[in-house]
Amino acid sequence: MVTWTLRWVLAVLTASVIGVCEPDPVSDQLRNYSKTHTGSQYIKTSYGTAVADVTDSLTVGPRGPMLMDAVYFDTISHFNRERIPDRVVHARGSGAYGYFEVTKDITQYSRAKMFELGKKTKILVRFSSGRLDRGAPDTVRVPMGFAMKLYTKDGIQDVVGYNSPVFFIRDPMRFSSLIHTMERNPASNVEDWTMRWDFFSKNHETVNAIMYLYSHRGIPDGWRWMLGYSQNTFKLVNAKGKAVYARFIFEPTGGAKFLSSETAAKLRGTDPDYSTRDLYNAIAQGNYPSWSFNIQVMTFEQAKKSKFYPFDVTKMWPLADYPPIEVGKFVLNENPTNYFADIEQAAFNPAHMVPGIEPSPDKMLQGRMFAYGETQRHRLCANYMQLPVNCPCRGQHPSVTNYERDGAQLYYSQGGTPTYYPNSFGGPVNSPWGASSVYGVSGYVRRYNTTDDDNYSQATAFWKSLSVDQQKTFVLNILGDMEKVHSKDIKLRTADMFSRVDKYLGLKIAKGMGLMKA
């Protein structure tokens, strides 16, 4: 009698809990899948044969040794190879599909067909944390990645950006050192803020990016409310061959939202997948996130007269001087059906540009144009662009035709077309549509050190734009890091760096670190 009473109580409690706690789409993904899949398909090996039992291996008797089991070998051999190399940067990320729609005519700037008024283009957007661990929480204070892949009829257009308008370095030769400071200590395998601030305090070109990262806007309130900036400068070329320089800005509809350090820290413990969960649930529930897509334009004449070097990614283009020009909007309305296939295998490369968009003299862009493709070939394979998520065929234009052949994981071999050019047998020919604009260059070839190229003026302007409360938040965020740094020399250099941004800021940092009396 007691047993049945207890069962009845538990049943009532369970029912009431289920009624109150309605599962969200993330939590309910498997149950939703089962509604459209009956489970009537039979298990097969990778080579297509039916499998009668995937829970027990072949043995001699119930306790005897294993035999040469082809089904086990097939299963475990694939399992041993399920993981591919992580991205060397921005390993942690999530994303979704959607569309980009042009709402304003900018064909006076670019002949790219995707910019034709009213045009809709399928896109994939990947948001990412600058942390190097795939298992890292979403809400850490690091640079956040904002990458977009547009499947246009002219090919793939990739835009690789961040949640800040400026980057930490202006020369790609320093990139590996910057990233190494965010890795774990090589001896202790523990995160080491001493490495990070040693690098920062010795490279003052980082200060402008530090101002944004440690300000109130350093941690977005989920991917849906994150700002995006190309940071790099591109060249837009119109149908007449006239070119201008441009940067891209993405602003969430309804405005950007940010997390405080305290809220972010709490979420890291209670919901490390906060941003990923929020994005998936919003799309699954039909609450499609959207962003405005704007460009800043600078003429060649303006670039020559600019007070700052316009191709320096540690500098932003002042909005007052180069106001954003509306291009369109993009909407994310489709969750990936499989994270690995659609997001982990997505490969972004700023070298992928369609006719009408070209590289500028931006050194970081030039460096990224090589580095991104190189790392994707290492991470995926030589034919990574033939993977469905990366293939231009999603733009619904004819298959890629060129003279690249063979390599690992070849999916599309181009049949019996000639493998050399020029040829007399009907192979693909050069296209006038793909011609680049003409420009001249001159100068002496050498390695130029630019570490002292006006690192403070924009950082000072940003500091002065903050409210009193926002300035207090910035100082507290910096001091939170410096508590983990025990080198007095690094602390002194850090205080000196911030004093060059603003004398009183430097004093507050110095007092907070105990370098001088309050």
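Structural data are supplied above this passage.
This structure is a prediction, so every number in the text was calculated from the model and none was measured.

S.K.: Teacher, can you tell me more about the environment of Phe340 here?
M.R.: Here Phe340 lies in helix α10 (residues 339–344). Discounting residues that sit within four places of it in the chain, Phe340 has contacts with Glu82, Ile84 and Gln345.

S.K.: Is there a simple way to explain the layout of surface pockets in this structure?
M.R.: Rolling a probe over the atoms, with the probe sized like a water molecule, indicates the empty space that remains. Within this model, the largest pocket holds a volume of roughly 1,400 Å³. Pro392, Val400, Thr401, Asn402 and Glu404 are the residues nearest the centre of the largest pocket, which is lined by 41 residues in total. Split by residue class, the lining of the largest pocket holds 21 nonpolar, 14 polar and six charged.

S.K.: Whenever I open this one, empty space enclosed by the protein confuses me. Can you help?
M.R.: Under the criterion given, the structure shown has six cavities of 30 Å³ or more. Considered as a void within the structure, the largest cavity measures approximately 100 Å³ in volume. Residue lining of the largest cavity: 14 residues in total, with Pro143, Asn163, Ser164, Tyr212 and Leu213 positioned closest to the centre. Here the lining of the largest cavity gets three residues from one element, more than from any other, and that element is helix α6 (residues 207–213). The residue makeup of the lining of the largest cavity, split by class, is nine nonpolar, four polar and one charged. Its volume calculated, the second largest cavity comes out at about 60 Å³. Lining of the second largest cavity is provided by Val89, His90, Gly130, Pro143, Tyr162, Phe167, Phe168, Leu178, Ile179 and Met182.

S.K.: Please clarify how helix α15 (residues 503–512) should be interpreted in this entry.
M.R.: Residues spaced three or four apart along an α-helix point in a common direction, a consequence of the helix completing one turn every 3.6 residues. Among the residues of α15, Leu505, Gly506, Ile509 and Ala510 are the ones counted as buried. Buried residues of α15, seen end-on, are gathered within an arc of 135 degrees and therefore sit on one face of the element. Among the exposed residues of α15, those oriented more than 90 degrees off its buried face are Lys503 and Tyr504. Its buried side turned inward, α15 meets α6, α12 (457–465), α13 (468–482) and α14 (488–501). The opening residue of α15 is Asp502, an N-cap whose side-chain oxygen sits 3.0 Å from the backbone nitrogen of Tyr504.

S.K.: I'm lost on the side chain of Asp362 in this one. Help?
M.R.: Along the chain, the position of Asp362 falls in the loop between β10 (357–359) and α11 (363–379). Of the side chains with opposite charge, Arg247 lies nearest to the buried Asp362, which makes no salt bridge, at 5.3 Å. Looking at Asp362, its side chain comes within polar contact range of the main-chain nitrogen of Thr233, at 3.0 Å. Residue contacts for Asp362: discarding those within four places in its chain leaves Gln231, Asn232, Thr233, Phe311 and Val313.

Rules behind the numbers
- Residues numbered from 1 in each chain as written.
- Predicted model: local features only at pLDDT ≥ 70, side-chain atom pairs only at ≥ 80, totals over all residues.
- Heavy atoms only, no water.
- Helix = DSSP H or I, 4+ residues; strand = E, 2+ residues; numbered from the N terminus.
- Contact = heavy atoms within 4.5 Å.
- 1 Å grid on protein atoms, 1.4 Å probe; cavity = no way out; pocket = protein on both sides within 12 Å on 5 of 7 lines; lining within 4 Å.
- Points joined across faces, edges and corners; volume = space filled by probe spheres on them.
- Nonpolar A, V, L, I, M, F, W, Y, C, P; charged D, E, K, R; others polar.
- Buried < 20%, exposed > 50% of the residue type's maximum accessible area, 1.4 Å probe, protein only.
- Arc of directions from axis to C-beta.
- Polar contact = N/O pair within 3.5 Å; in protein donor to acceptor, adjacent residues only side chain to side chain.
- Lys, Arg positive; Asp, Glu negative; His and termini not counted.
- Salt bridge = Lys/Arg side-chain N within 4 Å of Asp/Glu carboxyl O.

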